[in-house]
Amino acid sequence: MSFMGFFPFRAADLAIDLGTANTVVFLKGHGIVLAEPSVVTLETIQGVRRVRAVGDDAKLMLGKTPDNVETIRPLRHGVIADLEIAEEMIKHFIGKAKANAGVRLRGSPEIVLCVPSGSTAVERRAIRDAASNAGARKVWLIDEPMAAAIGADLPVTRPIGSMVVDIGGGSTEVGVLSVGGLAVTLSLRVGGDQMDDAIAAHVRRNHNLVIGEATAERIKFEIGAAVLGDQPRTASIRGRDVVRGVPTERQIGEDEIVDALSETVGQIVEAVRSALEMTAPEIAADIIEGGIVMTGGGSLLAGLDTVLSESTGLPVIRADDPLFCVAKGAGRALEDLEYRGVLHTV
């Protein structure tokens, strides 16, 4: 049977960027219909564990739950860490995506799932099984750098070399693409979550203050940067004083956050340089002209494009709508026959 016989591109079909930090759902014919945190809150009553909240509602509970309630992320570094909970989360997001689009659909959808390029066959089977058990009729996989490049409108199917750096919550994907394939790919298990951890560790070490995950993330958004700006910013942080054990508020400067994030930023820069060293000369010549395109939430870190450009000597461009590039690219692969060759199974 032909490829098209397996993949009829029905209106029910979905593309899902199942990320460590956030999940974005693309519904064929509707575009992006859902973007929520990849977080699940579980409640244990009389020894029975059940899902209490998913997505936005669950994230509000992070660090604030009683002993019988736990809030977890079922993915780590872009791959599934808890299969059962991941299935529940995918089911919830599929249902909510359909509701958000105002669509009543019959039958099971076909789903395109984005996976880190460095994920193992076991990890790919886990993500496929989670989607299948959540009700998918057929599951296709697409490598995240490829999806990001398609979403950023790079000429991936033409004999023109291009480079994409997708910085997500749990991983950074570096891909060099040409003629519908990945010529070079590097998957680094470092991303936005590691930036949050670095900020929390810095605050504890230098201010004797314990802060939660949500606070570290807020500080990253407010004054996070890869290089100190012309007008350094400050922000207030609230947490528990390590010595006195009481809630305390302090001020923190942008220079401290730049210092805290320097190791993570350095790892991302080194991965990009390593990928460039492995790139064929003719493709490298195209990248000199087209530059490096950044996608993903981590690409929004102030000054990161400047640091990358200075380190590589190449122009660095942040894609339009970087948070949704991967899901949009997977969605285009779902809808457009030009990209059908980039989809694969385990």
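Residues numbered from 1 in each chain as written. Predicted model: local features only at pLDDT ≥ 70, side-chain atom pairs only at ≥ 80, totals over all residues. Heavy atoms only, no water.

**Focus on the nonpolar core**
Soluble globular proteins: nonpolar side chains tend toward being buried together. Quick note on the threshold: For this analysis, a nonpolar core means a set of buried residues of the types Ala, Val, Leu, Ile, Met, Phe, Trp, Tyr and Cys, connected via side-chain atoms within 4.5 Å. Buried, partly exposed and exposed residues are distinguished by accessible area as a fraction of the type maximum, computed with a 1.4 Å probe on protein chains only: under 20%, between the cut-offs, and over 50%, respectively. Going along the chain from the N terminus, every DSSP run of H or I of four or more residues is numbered as a helix, and every run of E of two or more is numbered as a strand. Here, two residues are considered to be in contact whenever any of their heavy atoms come within 4.5 Å of each other.
Of all hydrophobic cores here, the largest spans 37 residues; its most connected members are Met 163, Ile 219, Ile 252, Leu 261, Val 265 and Ile 292. The element best represented in this core is helix 8 (residues 254–277), accounting for eight residues. Those residues in contact with Ile 219 that lie beyond four places of it in its chain are Ile 199, Gly 224, Ala 235, Ser 236, Ile 237, Ile 252 and Ile 257. Ranked by size, the runner-up nonpolar core spans 30 residues in total, among them Leu 42, Leu 113, Ala 130 and Ala 134.

**Quick word on unusual backbone geometry**
You will see that Asp 153, though not glycine, has its phi angle at about 65°, which is positive. Its place among the elements puts Asp 153 in the loop between helix 5 (144–151) and strand 11 (162–167). Even without being a glycine, Asn 208 presents a positive backbone phi close to 50°. Its place among the elements puts Asn 208 in the loop between helix 6 (192–207) and strand 14 (209–210).

**Concerning the environment of Leu 314**
Structurally, Leu 314 can be placed in the loop between helix 10 (304–312) and strand 18 (316–318). Looking at Leu 314, the relative accessible area reads 10%, which means it is buried. In the structure, Leu 314 is positioned 12 residues away from Val 326 in sequence and 23 Å away in space, judged by C-alpha atoms. When sequence neighbours within four positions are dropped, the list of residues in contact with Leu 314 reads Leu 276, Ile 287, Ile 288, Ile 292 and Ser 309.

**What about the sheet that holds strand 5 (residues 48–54)?**
Applied cut-off: A pair of strands is treated as paired once DSSP finds two or more bridges between them. Comment: axis = line fitted to C-alpha atoms, over the contacting stretch for helices; angle = value between 0 and 180 degrees taken between N-to-C directions.
Taken in spatial order, the three strands make up an open sheet running 5-4-6, and their pairing is antiparallel. Across the chains shown, the open sheet's two edge strands, defined by having one partner strand only, are strand 5 and strand 6 (69–72). Direction aside, neighbouring strands of the sheet carry axes that sit 30° apart on average. Bridge count for strand 4 (residues 40–45) against strand 6 is four bridges, and the pairing is antiparallel.

**Describing the sheet that holds strand 14**
What the three strands build is an open sheet, ordered 14-15-16; its pairing is antiparallel. Every interior strand has two partners, whereas the edge strands, strand 14 and strand 16 (247–253), have only one. In this sheet, strand 15 (residues 234–241) lies alongside strand 14 in antiparallel orientation, the contact comprising two bridges. Its bridge partner being in strand 15, Val 210 is matched across the sheet by Arg 240. Helix 6 rests against strand 14, strand 15 and strand 16 of the sheet, and its axis sits at about 105° to strand 16.

**Remarks on the packing of helix 6 against helix 8**
Rule in force here: Put simply, a crossing is left-handed when the front helix is turned counterclockwise from the back one by less than a right angle, and right-handed when it is turned clockwise. All amino acids are sorted into three groups, where Ala, Val, Leu, Ile, Met, Phe, Trp, Tyr, Cys and Pro are nonpolar, Asp, Glu, Lys and Arg are charged, and the leftover types, Gly among them, are polar.
At their nearest, the axes of helix 6 and helix 8 sit 9 Å apart, and the two run at 145° to each other. As for how helix 6 packs across helix 8, the hand of that crossing is right-handed. Judged by residue contacts, Gln 194, Met 195, Ala 198, Ile 199, His 202 and His 207 of helix 6 engage Glu 256, Ile 257, Asp 259, Ala 260, Leu 261, Thr 264 and Ile 268 from helix 8. Tallied by class, the residues present in the contact of helix 6 with helix 8 amount to seven nonpolar, four polar and two charged.

**Quick word on the packing of helix 3 (residues 83–101) against helix 4 (residues 121–133)**
How two helices sit against one another is set out by the angle between their axes and by the gap between those axes. To keep it simple, the criterion reads: In these notes the angle categories are as follows: under 35 degrees is roughly parallel, over 145 is roughly antiparallel, 65 to 115 is roughly perpendicular, and the rest is oblique.
Two numbers describe how helix 3 lies on helix 4: the axes approach to 8 Å, and their chain directions differ by 50°. Overall, the two elements helix 3 and helix 4 adopt an arrangement that is oblique. Between helix 3 and helix 4 lies a crossing of right-handed hand. Residues Leu 83, Glu 87, Ile 90 and Lys 91 of helix 3 form the contact with helix 4, whose participating residues are Ala 126, Asp 129, Ala 130, Ala 131 and Asn 133. When the residues that make up the contact of helix 3 with helix 4 are grouped by side-chain class, the tally is five nonpolar, one polar and three charged.

**Topic: the confidence of the model for the protein chain**
Heads up, the rule is: The predictor's confidence in any single residue is recorded as pLDDT, a number from 0 to 100.
Mean pLDDT over the protein chain: 91, with 95% of residues reaching 70 or higher. Below pLDDT 50 for its whole length, residues 1–11 participates in 28 contacts with residues either more than four positions away or in separate chains.

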